[in-house]
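Read off the chains here:
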Amino acid sequence: MKIIDRLREDSIHISFEVFPPKTDEGFDKVIAAVDAMAGLNPAFISVTYGAGGGTSKNTAKIASHIKDDLHLLSLAHLTCASSTKEEVRRVIGDLKAHGIENILALRGDIPAGMAFPDADRFRYASELVEEIRKHGDFCIGAACYPEGHVENEHKEDDIRYLKQKVDCGVDFLTTQMFFDNDIHYNFLYRIREAGITVPVLPGIMPITSATQMKRSQELSGTVFPRRFLAMLDRFGGSPAAMKQAGIAYATDQIIDLLANGVKNIHIYTMNKPDVAAAIMGNLSEIIKA
């Protein structure tokens, strides 16, 4: 089944995300986390992709386990900045051979010291989307940035580039993490005005430690609202308290989204089934309403 068909259903869909192990020794631990999350009945589970090594080769294996053994929809990430065009085509073929129907097409981070772009690499995610379309009837997702992409100075340019990417064959979008829902609502208004009509899944990141908060800000450039910073200041020194507060904050974001008619939500669960379970427990009756 394709994710776009699931998203079109008139019901609430909560999805999770996991990342492959950095080494083969960590594979069983990731599978255990995936299995635990599967018990929470997510709409789908996405599997991230790394630049070479164990992370990239295990993406297809984990996505196949989700699909074939757990009987859930899986979404395999694919990035192109760190791989040659031939390597990308080989991964697409591997995903197709595993029966993976859903791919999240991303440019990805440019590895340090790499001369980018060059003639043997896809420069933009839109080019990757076009390439995936050539190789089969995949459902293709892509990323979007409610606060603007860190490499674009003007938000108008960001939305124009997003429209170009969607027009290349994107079926749905997942947002970068954000911590103020008004940013998401404003973003939705602007992209709809620009003619982008595909489903958009807000991406919610439960921040459960001060270290994670700093890392998230470095990666995304997101702005933390005052009430989030107050929470961090008050509870950041206590791991247990910060974890509980972070779960509560993410839950509050999701409840607000649901109350405002958003039905498809993606949670960056980061291989933490206990965090996923706590959030879903907080939403147990709300999802039924």
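Please refer to the structure higher up on the page.
Residues numbered from 1 in each chain as written. Predicted model: local features only at pLDDT ≥ 70, side-chain atom pairs only at ≥ 80, totals over all residues. Heavy atoms only, no water.

1. Topic: the side chain of Thr-84
Part 1 of the reasoning: With respect to the secondary-structure elements, Thr-84 resides in the loop between strand S3 (73-79) and helix H4 (85-97).
Part 2 of the reasoning: Residue classification places Thr-84 among the buried positions, given a relative accessible area of 17%.
Part 3 of the reasoning: Sequence-distant contacts of Thr-84, defined by excluding residues within four places in its chain, comprise Asp-120 and Arg-121. (Helix = DSSP H or I, 4+ residues; strand = E, 2+ residues; numbered from the N terminus. Buried < 20%, exposed > 50% of the residue type's maximum accessible area, 1.4 Å probe, protein only. Contact = heavy atoms within 4.5 Å.)

2. Focus on the environment of Asn-264
Part 1 of the reasoning: For Asn-264, the location among the structural elements is in strand S9 (residues 264-267).
Part 2 of the reasoning: For Asn-264, a relative accessible area of 11% corresponds to the buried category.
Part 3 of the reasoning: Remark: the alpha-carbon pair of Asn-264 and Leu-201, spanning 63 residues in sequence, is separated by 5.4 Å.
Part 4 of the reasoning: Each residue touching Asn-264, except ones within four places of it in the same chain, is listed here: Leu-7, Ser-11, His-13, Val-200, Leu-201 and Pro-202.
Part 5 of the reasoning: Among the polar contacts made by the side chain of Asn-264, one reaches the side chain of His-13 at a distance of 2.7 Å. (Polar contact = N/O pair within 3.5 Å; in protein donor to acceptor, adjacent residues only side chain to side chain.)

3. Focus: the pattern of salt bridges
Part 1 of the reasoning: Throughout the structure, instances matching the rule amount to 14 salt bridges.
Part 2 of the reasoning: Between Arg-160 and Asp-157 there is a salt bridge, with the nearest N and O atoms lying 3.1 Å from each other. Here the residue Arg-160 and the residue Asp-157 both occupy positions in helix H6 (residues 155-167), the gap between them amounting to three residues, near one helical turn.
Part 3 of the reasoning: Take Asp-157: its relative accessible area is 25%, and that puts it in the partly exposed class.
Part 4 of the reasoning: Here Lys-288 and Glu-285 are joined by a salt bridge, their closest N and O atoms 3.4 Å apart. Placement of both Lys-288 and Glu-285 in helix H12 (residues 284-288) is noted, with a separation of three residues, approximately one turn of the helix. For the pair Lys-288 and Glu-285, a shared accessibility class is recorded, and that class is exposed.
Part 5 of the reasoning: It is possible to trace a salt-bridge network through shared partners that takes in Arg-89, Glu-131 and Lys-134. (Salt bridge = Lys/Arg side-chain N within 4 Å of Asp/Glu carboxyl O.)

4. Things to note about the sheet that holds strand S2 (residues 44-47)
Part 1 of the reasoning: Across the sheet, which stays open at both edges, the nine strands sit in the order S7-S6-S5-S4-S3-S2-S1-S9-S8 with parallel pairing between neighbours. Among the strands making up the open sheet, the edge pair consists of strand S7 (200-201) and strand S8 (203-204).
Part 2 of the reasoning: In this structure, strand S1 (residues 13-18) lies alongside S2, joined through three bridges in parallel fashion. The residue of S2 that forms the bridge with Val-18 is Val-47. (Pairing = 2+ DSSP bridges.)

Just distances and angles here, no functional claims.
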